[in-house]
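The primary structure of each chain is shown beneath.
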Amino acid sequence: MEQKVLNLIGLAFRARKCAHGVDLIVEQIQKNRAYYVIIATDAKDNSKKKLMNKCKTHNVPYAELVDRRLLGNAIGKDSRVAIAILDKGFARKLQSLLQN
């Protein structure tokens, strides 16, 4: 299941439907462009808190999933603290994968 989620994140990134980096994600949440946020399990507490609070305030679903290294690998980059999905379709599919 975890691998399917990471593959979907990679697909969304290649389709240019992702944002990464805490500040950019917060900006996308505030502009109502983020539909789902994946946070690394080993993210710093301040970053986690900032992202979770923004998600709760703007009713954006989020999940803590894998460590930074795996999250970065999913999009072909170095380690990433979080990734926001900027497409309803990808977000819906991601949510259904995570609920099963």
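Described in the following lines is the structure provided in the data block. (Residues numbered from 1 in each chain as written. Predicted model: local features only at pLDDT ≥ 70, side-chain atom pairs only at ≥ 80, totals over all residues. Heavy atoms only, no water.)

Some remarks on the packing of helix H1 (residues 2-14) against helix H5 (residues 88-99)
In the contact formed by H1 and H5, the axes pass within 10 Å of each other and the chain directions differ by 170°. Classified by the angle between their axes, H1 and H5 sit roughly antiparallel to one another. Facing Lys4, Val5, Leu8, Ile9, Leu11 and Ala12 of H1, the residues of H5 in contact are Phe90, Lys93, Leu94, Leu97 and Leu98. In terms of residue class, the contact of H1 with H5 is built from nine nonpolar, no polar and two charged. (Axes fitted to C-alpha atoms, helices over the stretch in contact; angles between N-to-C directions. Helix = DSSP H or I, 4+ residues; strand = E, 2+ residues; numbered from the N terminus. Parallel < 35°, antiparallel > 145°, perpendicular 65-115°, else oblique. Contact = heavy atoms within 4.5 Å. Nonpolar A, V, L, I, M, F, W, Y, C, P; charged D, E, K, R; others polar.)

Things to note about unusual backbone geometry
If you check the backbone angles, Asn32 has positive phi at about 55° while not being a glycine. Tracing the backbone through its elements, the reader meets Asn32 in the loop between helix H2 (22-30) and strand S2 (36-39). Among the residues examined, Asn32 registers a relative accessible area of 54% and is labelled exposed. The backbone of Asn59 shows a phi angle near 55°, a positive value even though the residue is not glycine. For Asn59, a relative accessible area of 70% puts it in the exposed group. (Buried < 20%, exposed > 50% of the residue type's maximum accessible area, 1.4 Å probe, protein only.)

Things to note about the pairing of strand S4 (residues 82-85)
Of the two faces of S4, the one carrying Ala82 and Ala84 and the one carrying Ile83 and Ile85 are both buried. As paired strands, strand S1 (residues 18-20) and S4 are joined by three bridges and run antiparallel to one another. Paired with His20 across the two strands is Ile83, which belongs to S4. (Pairing = 2+ DSSP bridges.)

Spatial relationships are all this shows, so hold off on functional conclusions.
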